[in-house]
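Commentary on secondary and tertiary structure
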Amino acid sequence: MMILKKKRFTIAMLSSLLVFGASMNIGVNLVAKAAAKTTIVNVALKPTNEADLTNYVYNTVDPTSAQFHQYLTPAAFASKFGQSDSYIQSFKDYFKKYHVKATAYPGNMSLKLTATTTNMRQAFGAKDVPAAKKGYPSRTHYKLPGNLSSKVAAVVGLYAPQAKKATKETTKKAHTALTADLPTTATKPDTTLAGNAFSRKYGAAKFANAYQLNTLYNKGQQGQGQRIGIISYGDIHNSDLTTYWQQCGVNDDVSRIYRIYTVGTKADAQKSLNEMLNSVQTEATVDVQSASSVAPQADIDFYVGDTTGTRTSDAGAYYTSFMTAISGNQDKQISTSFAPDEENAADWSDPSTSVQQYSNAFNLMLEQAAAQGITVFKSSGDFGRTDQPGPKEIHSMSTSPYLVMVGGTTLPYQKVINNKLISIPTERAWGNAEATSASDTKYGIFGASGGGFSAVNPTPRYQQGISGVNTYRAVTYLTYDKKQHKFVITKHPRVITGIGNSRNLPDVSGNADIQTGYATYVSGTVISVKGTGKHRKVIRTPSKQWSVSGGTSYTSPQMAGANAVMNSGRQTPVGFWNPQIYQFAQQTDSPFTVLDGTENNNLYYTSQPGMLYNQATGLGTINFEKLNEKFDSE
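Residues numbered from 1 in each chain as written. Predicted model: local features only at pLDDT ≥ 70, side-chain atom pairs only at ≥ 80, totals over all residues. Heavy atoms only, no water.

Another point: the overall build of the protein chain. From N to C terminus, the protein chain includes 18 helices and 31 strands. Restricting to contacts in the protein chain with at least 6 residues of sequence separation, those with at least 24 account for 79%. (Helix = DSSP H or I, 4+ residues; strand = E, 2+ residues; numbered from the N terminus. Contact = heavy atoms within 4.5 Å.)

Counting 113 residues, the largest nonpolar core has Leu-213, Trp-577, Phe-624 and Leu-627 as its most contacted members. If you tally residues by element for this core, the top one is helix H14 (residues 355–371), at ten residues. With residues up to four places along the chain from it excluded, the contact list for Trp-577 reads Thr-375, Phe-377, Val-404, Asn-563, Met-566, Ile-622, Phe-624, Leu-627 and Phe-631. In terms of nonpolar packing, the next biggest core, distinct from the first, is built from 23 residues, Val-43, Ala-102, Leu-111 and Met-120 among them. (Core = buried A, V, L, I, M, F, W, Y, C linked by side-chain atoms within 4.5 Å. Buried < 20%, exposed > 50% of the residue type's maximum accessible area, 1.4 Å probe, protein only.)

Before going further, it helps to spend a moment on the packing of aromatic side chains. Scanning all chains against the criterion turns up 37 aromatic pairs. The interplanar angle of 85° and the centroid separation of 5.6 Å between the aromatic rings of Tyr-472 and Tyr-605 together place this pair among those described as edge-to-face. Here the residue Tyr-472 occupies a position in strand S21 (residues 471–475), and Tyr-605 occupies one in strand S30 (residues 605–606), the gap between them amounting to 133 residues. Tyr-472 gets classed as buried once you look at its relative accessible area, which sits at 15%. A relative accessible area of 2% places Tyr-605 in the buried class. With centroids separated by 4.8 Å and ring planes inclined at 85°, the aromatic side chains of Tyr-604 and Tyr-605 adopt a geometry described as edge-to-face. Like Tyr-605, Tyr-604 is buried. One aromatic cluster is present, formed by Tyr-233, Tyr-318, Tyr-319, Phe-322, Phe-338, Trp-348, Tyr-358 and Phe-362 through successive ring pairs. Of note, Lys-206 hangs over the ring of Tyr-518, and the distance from its end group to the ring centre comes to 5.6 Å. One cation-aromatic arrangement involves Arg-227 over Tyr-258; the distance from NZ or CZ to the ring centre is 4.5 Å. (Phe/Tyr/Trp six-rings, centres within 6.5 Å; stacked < 30°, edge-to-face > 60°. Lys NZ or Arg CZ within 6 Å of the ring centre and 35° of its normal.)

Across the sheet, three strands lie side by side as S24-S21-S30; this open sheet has antiparallel pairing. Of all strands in the sheet, those bounded by a partner on one side alone are strand S24 (495–499) and S30. Pairing of S21 with S24 involves five bridges; the strand directions are antiparallel. Bridge pairing in S24 links Val-475 to Val-495. (Pairing = 2+ DSSP bridges.)

Between helix H17 (residues 577–584) and helix H18 (residues 624–633), whose axes approach to 11 Å, the crossing angle comes to 110°. Taken together, H17 and H18 sit at an angle that is classed as roughly perpendicular. The segment H17 lies against H18, with Trp-577, Gln-580, Ile-581 and Phe-584 engaging Phe-624, Leu-627, Lys-630 and Phe-631. (Axes fitted to C-alpha atoms, helices over the stretch in contact; angles between N-to-C directions. Parallel < 35°, antiparallel > 145°, perpendicular 65-115°, else oblique.)

Now for the pattern of salt bridges. Counted according to the given criterion, the structure contains nine salt bridges. Here Asp-235 makes a salt bridge to Arg-259, at a shortest N to O gap of 2.8 Å. Pair noted here: Asp-235 is in the loop between strand S9 (227–232) and helix H10 (238–248) and Arg-259 is in strand S10 (residues 257–261), with a separation of 24 residues, a long-range link. Given the relative accessible area of 3%, Asp-235 is considered buried. (Salt bridge = Lys/Arg side-chain N within 4 Å of Asp/Glu carboxyl O.)

Moving on: unusual backbone geometry. With an omega dihedral of 20°, the bond running from Met-397 to Ser-398 counts as a cis peptide bond. Here Ser-398 shows up in the loop between strand S15 (375–379) and strand S16 (404–410). Here the bond from Leu-505 into Pro-506 is cis, since omega is 5°, no more than 30 degrees from zero. With respect to the element layout, Pro-506 can be found in the loop between strand S25 (502–505) and strand S26 (508–511). Positioned with a positive phi, Gln-212 is a non-glycine residue whose angle comes to about 55°. Its location among the elements puts Gln-212 in the loop between helix H8 (204–210) and helix H9 (214–218). Residue Gln-212 is classed as partly exposed on the basis of its relative accessible area, which comes to 29%.

Topologically, Gly-316 is positioned in helix H13 (residues 314–328). A C-alpha to C-alpha distance of 6.7 Å links Gly-316 and Asn-42, two positions 274 residues apart in sequence. Aside from chain neighbours lying at most four places away, what touches Gly-316 is Asn-42, Val-156 and Asp-350.

Next up on the list: the packing of H13 against H14. The interhelical angle for the contact between H13 and H14, taken along N-to-C directions, is 15°, at an axis separation of 9 Å. Relative to H14, H13 is oriented roughly parallel. Helix-helix and strand crossings are classified by hand; for H13 and H14 the assignment is left-handed. Of the residues in H14, those in contact with Ala-315, Tyr-318, Tyr-319, Phe-322, Met-323, Ile-326 and Ser-327 of H13 are Tyr-358, Ala-361, Phe-362, Met-365, Leu-366, Gln-368 and Ala-369. Residue composition of the contact of H13 with H14, by class: twelve nonpolar, two polar and no charged. (Left-handed = near helix turned anticlockwise from the far one by under 90°. Nonpolar A, V, L, I, M, F, W, Y, C, P; charged D, E, K, R; others polar.)

A word on the pairing of strand S8 (residues 152–156). In terms of burial, S8 is a largely internal element, four of the five residues being buried. Direction of pairing for strand S3 (residues 38–45) relative to S8: antiparallel, over a ladder of four bridges. For Val-43, the partnering residue across the bridge sits in S8 and is Val-155.

On to H14. Taking 1.5 Å per residue as the helical rise, H14 with its 17 residues ought to reach 24 Å, and the 24 Å between its terminal C-alpha atoms agrees with that figure. When you tally the buried positions in H14, you get 14 out of 17 residues, the bulk of the element. At the C-terminal side of H14, Gly-373 shows a positive phi close to 85°. (Expected span 1.5 Å × (residues − 1).)

Turning our eyes to something else, we now look at the side chain of Ser-398. Overall, the relative accessible area of 0% leaves Ser-398 in the buried class. A polar contact of 2.9 Å, which involves the side chain of Ser-398, links it to the backbone nitrogen of Ser-400. For Ser-398, the contacting residues outside a window of four places in its chain are Glu-343, Phe-362, Asn-363, Lys-378, Leu-403, Met-405 and Asn-457. (Polar contact = N/O pair within 3.5 Å; in protein donor to acceptor, adjacent residues only side chain to side chain.)

Summarising the element assignment, Asp-341 is placed in the loop between strand S14 (338–339) and H14. Assessed through its relative accessible area of 1%, Asp-341 is described here as buried. At 2.5 Å, the side chain of Asp-341 and the side chain of Ser-349 are in polar contact.

On to the confidence of the model for the protein chain, then. Residues with a pLDDT of 70 or more make up 90% of the protein chain, whose mean pLDDT is 89. Here residues 6–16 is modelled with pLDDT under 50, and outside its nearest four sequence neighbours on either side it reaches 53 contacts, counting other chains as well. Every residue in residues 164–184 is under pLDDT 50, and counting partners more than four places away or in other chains gives 41 contacts. (pLDDT = per-residue confidence, 0-100.)

Okay, here's the thing in structure tokens:
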């Protein structure tokens, strides 16, 4: 899963798609100019009664409640929990004086503001405030009239004029180029296989066979009548989708893909796409290919938050895309493998909102989704806890309790890796230092499922009382070498036990190991450089690439596809998973396979035998036939 930071694409150690074999160390400036004429700001609003909203969300998935499956339309949500039309109008009237266009998202929980950079700053009285601590980013201070500000939860994406003139060095940093030095694999899929044979080995049929989705297919449920929302930062090629679908033998009708450009224009997004084959394109392509092949009859709403030519933060673009999808209320399942940043104040790049403010605003938005019967999935990350050298645990934004956090596993296999026979007899958490390639080990890159504890969200009510939650066992398989600035394999690992008091993640898991991974097809322009100095020459080469890859970036959209398959056989959507699945996990006929063997670790967190939950794989893997029966039995 990918994190975007500071107006540039960055592959973060916490969450990065483990992808194909072309390793690019080429810097290409894909940054929108700071002086972009148009700027977008989101104003997140508080609900009229947050406690009532939270209770309503839980009641929609409580079979004993009169509000069970009484999902709201955005208009009904606005009437019940959103801010009043008169308050929204007062916002519009205020901003109109500054020539700022204010549009309320359906549900009255947020406004999208569009204006020139100058007018936007004047409307907010935006001022640059130096960072309170060394190494932290500067902030934007703003002021709104009291009758408006009292009901504001967060202002996202507002920039102020910089207090100091940019030096050559700071300008250079602000325009740091794309660095896509990706973990590599030489493995290519066998494309002589076709249709279901290819899919069973590399695609949706492999997922369906592993997690018992075939029973639903046999009933005719393939996602028909459903729409899946995919949240992305960049665009993709239709031809890559059709090539992949035809190889897998699934519905190759590209007209089922609907693009919604939430921030910038289609022209700007297409320009970025055609500039070079990059990690954002690959990530987005994986998301769409994975969801659309698991649910071959579902439509895909593809939300593109490309900021090229538009002034807003990555957090702002992310919020805009999610709010557009949720308030549109067309997609009863949404998935993302992207994140704007980590839940860490020192690295948080949105200037006008703090980590906690953004997290709270994001949670409120996801509560609207849950009240409308929308299930939202997010990949948990691909590098365990090796994203930072210090003891503090940091995850990508967001670890919201209203997300289904999807972790990764390894399917059984036997291979010779690094001249050693690696044998995995049963499915386990994704994380195995011995199976890491010599090249990745050299550079301190160790693929493993993201998991652990949130730094900003408390333990949700559905996790409380579940055995294994807020207690953990860990092993120090990796150690950070300060001299080499990388993680190395620990010679003498030690066991650590402890307790937590926040949201535990992931919730569920599925195959994500590169050793047992899935096929992907992408095409584009690969850039290379020959020579140095005055003789340096940039070479652009067309490329078409098949690969076998891994990462929770596959598993999250696959889960969204499976949810669409279940919903295609229902009158009302299954809605907010988490309170339901934690109840199911405690029943004797649980639809989950708990992974609690001694080898079940993500290179840090391990299982505790006999516990229902662990921070490496959550509740475990899913039997979708049983899970569907559980949802139906309610």
